[in-house]
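# Observations on the three-dimensional arrangement
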Amino acid sequence: MSDTTETKKRSTLGKWTRRSFLATAGVVGGGLALGLTLSPNRLKMAADGAATGDEVLLNTWVKVTPDNKITVFFPHSEMGQGAGTGLAQMLAEEMEADWDTVSIVQAPVTEEYTNSDLGRGYIVGEGANIPAFMYPMLDFAFFQIAGNLVGQMTGGSTAIRLTGHHGMRRAGAAAKEMLLQAAAADWDVPVASLTARDSMVTHEASGRSATFGALAAQAAEYSPNLKPALKDSAAYRIVGTAKPRLDLPEKVNGTAQFGIDVTVPGMVYAAVALPPIRDARVAAVDDSAALARPGVGQVVNLGDAVAVTADSYWTASRAIEALGITWSGGQTELSSASVRAQHVSDLEGGDLEEMDAEGDVAGALGQGTSLKAEYEVPYLAHATMEPMNCTVSLSGDRADIWVGHQNQLFARNAAAETLGMEPANVTMHPVYLGGGFGRRGDMDFVTLGVRIAQSLDTPVKVIWSRETDMTNDTYRPAILARMEGAVQNGRISAFSNRYIDARSGMPDSERPFDFQYDVPNRDIARVICPSPIPVGTWRAVDFTQMGFFHESFMDELAEAAGADPLQFRIDHSGNPRRRAVLERLGAESGWGETLPEGQAIGVAMVDSFGTVVGQAVHAGVSPDGGVTVHRVVSVVDCGRVINPSAAEAQVTGSVIYGLTSALYGEITLEGGAIRQTNFPDYEMIRLENAPEQSVHFIDSDEAPGGLGEPAVPPVTPALTNALYKLTGNRIRNLPITKSGLHVA
Amino acid sequence: MAISFNLNGNPVSVDVDPEMPLLWVVRETQGLTGTKFGCGIAACGACTMHVDGVATRTCVLPVEAVAGATIKTIESIGPDTPSAVQDAWLTHQVPQCGYCQSGMIMAVEALLDENPTPSDADIDDAITNICRCGTYDRIRAAVHTAAQLRREG
Ligand code: FES
Ligand code: FES
């Protein structure tokens, strides 16, 4: 065995063998550090934002140290989806790593990776020809998917299907090849005579073997192969198994550090008051009572917000209440009714934009049985369990920020812009996210923290109260849709939908507006009517609106055709994956079986983010309108399942998220103010009304689809379709309380 | 005036506004951040600690009310070897984002102290914490597993 544990330090990166622009390797701490950066044009990403063209960076990092430990740096925020573990599984599989020696780190984490030439060198390699537009993404070796990636945030819907599939697998396979090459050179044997398994390279003929750790430094001498041979999925031993999530031990003993837990020496706490009326401004602040309170520091008037600092958050939040703030202006006339009236007038008189048109809808509507219906959904808050917060420390021309964010790179750039600093001078420190759901992809809570810090000469942790969080969200938009359809000879002959697009931020390329069944004559058109209050992505966002509309109307069409709703869906699903999901749903859900008195099953299916989900809801209604959700069955085709346990958790969690919105969810506006302020008026499902669940994955070798969001949309229409069977009343507006029902 | 209580086995004395909720005293003056802030109005359970053995929402509990009391936080559970509840939580892979889980675990520890063999209905009654990630089905299974682990000692 060669002396491969010798630390081969290099003073500069300059001597590195020129490798592909896309892959670099180097020696770190005597081991191998391999980085892979992909820019797959063929992914056809939407391109509105910093990057020009349709390129996206998928940076993958693996480090092997002489003690034979493997560290996988994963470029996504951990907000509960277990992405880090799943990504590490994909890499370890191809690398033939011993899973027990693998650990994960959310990148960037150490100084060397975040703000030195070394980190930069690791990413791009010496002398690489980097397109200028990529600089913002490469600076500081920031390990992030570009934020313009189909407008999505870091999350379960992109991590596995993009970073993992394209980046992690190849980085693992390339690392394995380099380790094999190192052993082959050292032992003077052909690479083909060697095998790698469980972090060990073995030459069977001679019985020689060496650990990855021992070979790592030497392996770093070789160029990573950008197109290494990938394993046949039949040989997988790590992918597809329910490896325990690597982040969970610290999430059961209180040591996991979330943004709100950060402590910076010398910091003060700040509470904030944001305008009670949309877009109101601060006219005057009487701060005498607040400043008189013990422990209170400063009052910061930002014009559109007021902050108070103190030696404790509670003291600051009490002082906020003691402030006499006079607000002026704002959209006082704004109400849920005014938003709805705008939607109606826009649908009737606004500019229609065709999204999907085929055949002769008008002609088909005139034949057979035709029906029309108007549907709507309200604004919804994200209500992440951890309220928004941001900790900022400024010193000279540098800034350090601790914030749970779904897009650390864009958050850094937003902070830098606010500060008038080079992005390179802003360091983002990764922390766990106490829920994201799209909310933590916005910049408002980052820039507010930064602006408050600018008025202070100490570091500050800004915490939003639950009330501030709920009344200053970037909501799932309220929208309205008018659908028409016709059935003839048992088939849907026409479908049309006119809907309001309130601009959630979801790119059209995801096609949430598609009617996902085979219909010859289609006419789907929108009127863009931007929301007067901030809106944004919200776990599956547009698919939750369209899913409810289309999947409820599908049941209306089935009834008009005198058909069984499930069979009707199957009969209109030429797409084999959707069809298979629906058929399996029939087999798993008890569809067609006799149910206990007072219970019914509804079904729905939505295909989103590359994943098809069919759901069946068993519900009951009491004579006084009390709704009980007994059971939810989900059938999921998300392609290859990387970690069945983590995947199941994403589905069951999504079911709760979707059901919560159907049963309780509504944000309303009155006099320009949000009426719901905390959990009693924006209620959540709890254990006592959480249904029994089962999740069935379609066995598939297809590339992985997203899983953080796709199981949210179908559950709501599946529920309301069941309730229709029980009550005879079609629910066309949410939550169910608007139809005289309530949670039992 | 200083207020004294026992925190995770250690006597502590704090000189703060007596109205300051225990949650913030523990998080900010004692530096134990495992207990979380979720709502501030006793509606979510993220801030659950044990006060003299009783699961208590501490975001609305003035510190003066716990003078002389024994307080236990998530940091006292385990901490060297996982408790039966923590063990069951890992077996069932309960947490998602994890933010609510300190409060959940403290509520479940207290439930099992009082009722070693809870039925589903007992669990529903006792555990009213919110988990926005929706981990409820695994929580329910893990409570039963934890109860069994405790019985087996
Ligand atoms: S923070 Fe105390 S119950 Fe929610
Ligand atoms: S695990 Fe995220 S709120 Fe419960």
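Residues numbered from 1 in each chain as written. Chains lettered and ligands numbered in written order. Predicted model: local features only at pLDDT ≥ 70, side-chain atom pairs only at ≥ 80, totals over all residues. Heavy atoms only, no water.

### A short note on the overall build of chain A
Under the convention used in this document: Per the convention used, a helix needs a DSSP run of H or I reaching at least four residues, while a strand needs a run of E reaching at least two, with both numbered from the N terminus. Note on exposure labels: buried denotes an accessible area under 20% of the residue type's maximum, exposed denotes more than 50%, and partly exposed covers the range between, all computed with a 1.4 Å probe on protein chains only. Residues count as neighbours in contact if any of their non-hydrogen atoms are within 4.5 Å of one another. Each accessible area value is a Shrake-Rupley result obtained with a 1.4 Å probe; residue values ignore everything except the protein chains displayed when judging cover.
Helix and strand content of chain A: 18 helices and 29 strands. Counting the 744 residues in chain A, one finds 65% classified as buried. Restricting to contacts in chain A with at least 6 residues of sequence separation, those with at least 24 account for 78%. Of the roughly 24,800 Å² of accessible surface on chain A, 48% is carried by carbon and sulfur atoms.

### Topic: the pattern of salt bridges
Residue and element names in this part refer to chain A. Quick reminder of the rule: Think of a salt bridge as a Lys or Arg side-chain nitrogen and an Asp or Glu carboxyl oxygen that are within 4 Å of each other.
Inspection of the entire model under this criterion finds 44 salt bridges over all chains. Between arginine 237 and glutamate 96 there is a salt bridge, with its nearest N and O atoms 3.1 Å apart. Placement of the pair is arginine 237 in the loop between helix 6 (212–219) and strand 9 (268–273) and glutamate 96 in the loop between helix 1 (83–95) and strand 5 (102–106), with a sequence separation of 141 residues. Judged by its relative accessible area of 10%, glutamate 96 is buried. Its salt-bridge partner being arginine 584, residue glutamate 588 comes within 2.8 Å of it at the nearest N-O pair. Taken together, the positions of glutamate 588 and arginine 584, both in helix 16 (residues 576–589) and 4 residues apart, correspond to about one turn of that helix. Salt bridges sharing common partners tie together Glu93, Glu96, Asp198, Lys231 and Arg237.

### Notes on the sheet that holds strand 2 (residues 10–14) of chain B
Residues and elements named next belong to chain B. Worth spelling out the cut-off: Two strands qualify as a pair provided that DSSP identifies no fewer than 2 bridges between them. Note on geometry: axes are C-alpha line fits, over the in-contact stretch for helices, and angles between N-to-C directions span 0 to 180 degrees.
Taken together, the 5 strands give an open sheet; going across it, the order is 2-1-5-3-4, and neighbouring strands pair in mixed fashion. Two strands close off the open sheet at either side, each with one partner strand: strand 2 and strand 4 (54–57). Each strand of the sheet is rotated relative to its neighbour by a mean of 40°, with strand direction disregarded. Sheet contacts for helix 1 (residues 22–29): strand 1 (3–7), strand 2, strand 3 (48–51) and strand 5 (70–72); angle to strand 3, the most-contacted strand, approximately 100°. Each of strand 3, strand 4 and strand 5 touches helix 3 (residues 101–114); the most contacted strand, strand 3, lies at about 35° to it.

### Regarding the domain arrangement of chain B
All names here are of chain B. Rule in force here: In this entry, domain limits derive from an automatic or database-based domain assignment. Here the quantity called buried area is the accessible surface, traced with a 1.4 Å probe, that two parts lose on coming together, added over both. We call two N or O atoms a polar contact when they sit within 3.5 Å, provided that within protein one can donate a hydrogen and the other can accept it, with sequence-adjacent residues counted only if both atoms are side-chain atoms. Only Asp, Glu, Lys and Arg are considered charged in this grouping, and only Ala, Val, Leu, Ile, Met, Phe, Trp, Tyr, Cys and Pro are considered nonpolar; every other residue, Gly among them, is considered polar.
Per the domain assignment, the segments making up chain B are domain 1 (3–74) and domain 2 (84–152). The largest contributions to the domain 1 side of the interface with domain 2 come from Lys36, His50 and Ile74, which together make up 40% of the buried area. Seen at the junction of domain 1 and domain 2, the total is 7 residue pairs in polar contact (both at pLDDT 80 or more). Breaking the side of domain 1 that touches domain 2 down by element, the ones donating at least two residues are strand 3 and strand 4. Grouping the amino acids of the side of domain 1 that touches domain 2 by side-chain chemistry returns 6 nonpolar, 6 polar and 3 charged.

### Let's talk about the interface of chain A and chain B
Taken together, the 59 residues of chain A in the interface contact 46 residues of chain B. The junction of chain A with chain B conceals about 4,300 Å² of combined surface from both sides, 59% of it contributed by carbon and sulfur atoms. When the buried area of chain A at its contact with chain B is split by residue, A:Trp314, A:Met385 and A:Leu687 rank highest and sum to 21% of it. Between the two partners, chain A and chain B, sit 4 salt bridges.

### Re the nonpolar core
Worth spelling out the cut-off: Side-chain atoms within 4.5 Å link the members of a nonpolar core, which is a set of buried Ala, Val, Leu, Ile, Met, Phe, Trp, Tyr and Cys residues.
Core analysis: the biggest nonpolar cluster contains 178 residues, and A:Phe679, A:Leu719, B:Phe5, B:Leu22, B:Trp89 and B:Tyr136 have the highest contact counts within it. With 9 residues, the top contributor of residues to this core is helix 14 (residues 541–560) of chain A. Excluding its chain neighbours within four sequence positions, the residues that come into contact with B:Trp89 are A:Val252, B:Val94, B:Pro95, B:Gln101, B:Met104, B:Ile105, B:Val108, B:Ile139, B:Ala142 and B:Val143. Within the second largest apolar cluster, 38 residues are counted, among which are A:Ala88, A:Ala92, A:Ala183 and A:Ile642.

### Details of the pairing of strand 7 (residues 200–203) of chain A
A regular strand places its side chains on the two faces of the sheet in alternate fashion. All names here are of chain A. On strand 7, burial follows the alternation: Val201 and His203 on one face are buried, whereas Met200 and Thr202 on the facing-out side are not. Pairing of strand 6 (residues 194–197) with strand 7, which is carried by 4 bridges, proceeds in the antiparallel orientation. Paired with alanine 196 across the two strands is valine 201, which belongs to strand 7. Between strand 6 and the antiparallel strand that follows it, strand 7, lie 2 residues; aspartate 198 among them carries a positive phi value of about 50°. When strand 7 meets strand 8 (residues 208–211), the two strands line up antiparallel, connected through 4 bridges. For valine 201, the partnering residue across the bridge sits in strand 8 and is alanine 210.

### Quick notes on the pairing of strand 25 (residues 626–637) of chain A
All names here are of chain A. Counting buried positions over the 12 residues of strand 25 gives 9, a clear majority of the element. Relative to strand 25, strand 24 (residues 611–621) runs antiparallel, the two being bridged by 10 bridges. The residue of strand 25 that forms the bridge with histidine 618 is arginine 631. The hairpin turn running from strand 24 into strand 25, its antiparallel successor, is 4 residues long, and glycine 625 in that turn takes a positive phi close to 90°. Inspection of the sheet shows strand 25 paired to strand 29 (residues 742–743) by 2 bridges, in the parallel sense. When the sheet's bridge partners are listed, glycine 626 is paired in strand 29 with histidine 742. Bridging between strand 25 and strand 28 (residues 692–697) involves 6 bridges; their strand directions are parallel. Bridge pairing in strand 28 places valine 636 opposite phenylalanine 697.

### A look at the sheet that holds strand 6 of chain A
Residue and element names in this part refer to chain A. Ordered by their spatial adjacency, 3 strands build an open sheet running 6-7-8, and the pairing between neighbours is antiparallel. This sheet does not close on itself; its edge strands, each paired only once, are strand 6 and strand 8. Ignoring strand direction, the axes of neighbouring strands in this sheet form an average angle of 20°. Here helix 6 sits on the sheet in contact with strand 6, strand 7 and strand 8, set at roughly 80° to strand 8.

### Some words on the confidence of the model for chain A
All names here are of chain A. Cut-off, in case you're wondering: Summary of the metric used: pLDDT quantifies the predictor's per-residue confidence within the range 0 to 100.
Taken residue by residue, chain A gives an average pLDDT of 85. The fraction at 70 or more is 84%. Taken as a whole, residues 1–23 scores under 50 in pLDDT and shows 62 contacts with residues more than four places along the chain or in a different chain. Long-range and interchain partners of residues 109–157, a stretch whose pLDDT sits below 50, account for 161 contacts in this model, where long-range means more than four residues apart.

### Remarks on helix 2 (residues 84–91) of chain B
Residue and element names in this part refer to chain B. For helix 2, the complete set of buried residues consists of Ala84, Val85, Gln86, Ala88 and Trp89. Against helix 3 and helix 5 (136–152) lie the buried residues of helix 2. Looking one or two residues past helix 2, glutamine 93 carries a phi angle of roughly 50°, positive in sign.

### Considering the packing of aromatic side chains
All names here are of chain A. The cut-off we apply is this: In this scheme Phe, Tyr and Trp rings, the latter by its six-membered ring, pair at centre separations within 6.5 Å, and the angle between planes marks the pair as stacked below 30 degrees, edge-to-face above 60, and tilted otherwise. Our definition puts a charge over a ring when NZ of Lys or CZ of Arg is within 6 Å of the ring centre and also within 35 degrees of the ring normal.
According to the stated counting rule, one finds 15 aromatic pairs over all chains in the structure shown. For the pair phenylalanine 437 and tyrosine 657, a centre-to-centre distance of 4.6 Å together with 40° between the ring planes defines the contact as tilted. With phenylalanine 437 in the loop between strand 18 (426–429) and helix 12 (444–454) and tyrosine 657 in helix 17 (residues 644–663), this pair connects stretches of sequence that are 220 residues apart. The same class applies to phenylalanine 437 and to tyrosine 657, which are both buried. Grouping aromatic residues by their ring pairs yields a cluster made of Phe495, Phe515, Tyr517 and Phe553. Sitting above the plane of the tryptophan 538 ring, arginine 476 keeps its charged end 5.7 Å from the centroid.

### A look at helix 3 of chain B
All names here are of chain B. Cut-off, in case you're wondering: Expected helix span is taken as 1.5 Å per residue step, with the number of steps being one fewer than the number of residues.
When the terminal C-alpha atoms of helix 3 are compared, their 20 Å separation across 14 residues agrees well with the 20 Å that a helix rising 1.5 Å per residue should span. Of all 14 residues in helix 3, 12 are buried, a share of seventy percent or more. Among the residues of helix 3, Gln101, Ser102, Gly103, Met104, Ile105, Met106, Ala107, Val108, Glu109, Ala110, Leu111 and Leu112 are the ones counted as buried. Tucked inside the fold, the buried residues of helix 3 contact strand 3, strand 4, strand 5, helix 2, helix 4 (120–126) and helix 5.

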